[in-house]
Amino acid sequence: MAFLKNRAPVIIVGILIILALLGLVGSFTANPAGFIQRIAVIALIGLAIFFLFRKFSNSSPQKKEQRAFLKAAKRSKKRLQQKSGDTTVKTSSLGTLTTLKKNNKTKKKSPAHLTVIDGKKGKKKNRASF
């Protein structure tokens, strides 16, 4: 009897599938236009539910990351285009080599503002000996 207990769900599902197929064939032979219309309505409702579900479940982290990546890629592309466009303008507007050398000589580097913090270098650490 244990053999039949394990097969009971499989038999029930098989019977339901056979009855569903008999019902589909019967409704198709009785009224083919109505059958096709019902199938089309069911398919349209399923598609509407699918698209609504996709629209409202857009907040997945993967999609947000993808959107952020695409946005960053666009910014990077714009920056590269601007840099390549600016270099041609800069070289033509700066003039000759002698003016460039004069500008470089007049510019002075600002001194680094660093301070030295005096520590307690003379004091020896009092460590416990083991």
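Residues numbered from 1 in each chain as written. Predicted model: local features only at pLDDT ≥ 70, side-chain atom pairs only at ≥ 80, totals over all residues. Heavy atoms only, no water.

1. Some points on the overall build of the protein
Here is step 1 of the chain: Looking only at helices and strands, one finds four helices and zero strands in the protein.
Here is step 2 of the chain: Buried positions account for 2% of the 130 residues belonging to the protein.
Here is step 3 of the chain: For the protein, the computed accessible surface area is about 13300 Å², with 66% contributed by carbon and sulfur atoms. (Helix = DSSP H or I, 4+ residues; strand = E, 2+ residues; numbered from the N terminus. Buried < 20%, exposed > 50% of the residue type's maximum accessible area, 1.4 Å probe, protein only. Areas by Shrake-Rupley, 256 points an atom, 1.4 Å probe, with all protein chains shown as cover.)

2. Here we look at the packing of aromatic side chains
Here is step 1 of the chain: Under the criterion given, the structure shown has two aromatic pairs.
Here is step 2 of the chain: Ring centres of Phe 28 and Phe 35 lie 5.3 Å apart, and the angle between their planes is 75°; on these two criteria the pair is classed as edge-to-face.
Here is step 3 of the chain: With centroids separated by 5.5 Å and ring planes inclined at 65°, the aromatic side chains of Phe 50 and Phe 51 adopt a geometry described as edge-to-face.
Here is step 4 of the chain: For Phe 50, a relative accessible area of 42% corresponds to the partly exposed category. (Phe/Tyr/Trp six-rings, centres within 6.5 Å; stacked < 30°, edge-to-face > 60°.)

3. Quick word on a positive patch on the surface
Here is step 1 of the chain: On the surface, a cluster of positive charge is contributed by Lys 71, Lys 74, Arg 75, Lys 78, Arg 79 and Lys 83.
Here is step 2 of the chain: The residue Lys 71 is located in helix α3 (residues 61–94) in this model. (Patch = residues over 30% accessible without salt bridge, like charges linked within 9 Å, V, L, I, M, F, W, Y side chains within 5 Å. Salt bridge = Lys/Arg side-chain N within 4 Å of Asp/Glu carboxyl O. Lys, Arg positive; Asp, Glu negative; His and termini not counted. Charge placed at Lys NZ, Arg CZ, Asp CG, Glu CD.)

4. Re the confidence of the model for the protein
Here is step 1 of the chain: Scored by pLDDT, the protein has a mean of 77; 64% of the residues are at 70 or more.
Here is step 2 of the chain: At the level of individual helices and strands, the protein shows its lowest average pLDDT in helix α4 (residues 97–106), which scores 56, and its highest in helix α2 (residues 32–56), which scores 92. (pLDDT = per-residue confidence, 0-100.)

5. Things to note about a nonpolar patch on the surface
Here is step 1 of the chain: On the surface, Ile 11, Ile 12, Ile 15, Leu 16, Ile 18, Leu 19 and Leu 22 cluster together into a nonpolar patch covering about 710 Å² of accessible area.
Here is step 2 of the chain: In this structure, Leu 22 sits in helix α1 (residues 2–30).
Here is step 3 of the chain: Classification of Leu 22 as exposed rests on a relative accessible area of 58%.

6. Looking at the side chain of Ser 27
Here is step 1 of the chain: Within the secondary structure, Ser 27 is located in helix α1.
Here is step 2 of the chain: In contact with Ser 27, other than residues within four places in its own chain, are Pro 32, Phe 35 and Arg 38. (Contact = heavy atoms within 4.5 Å.)

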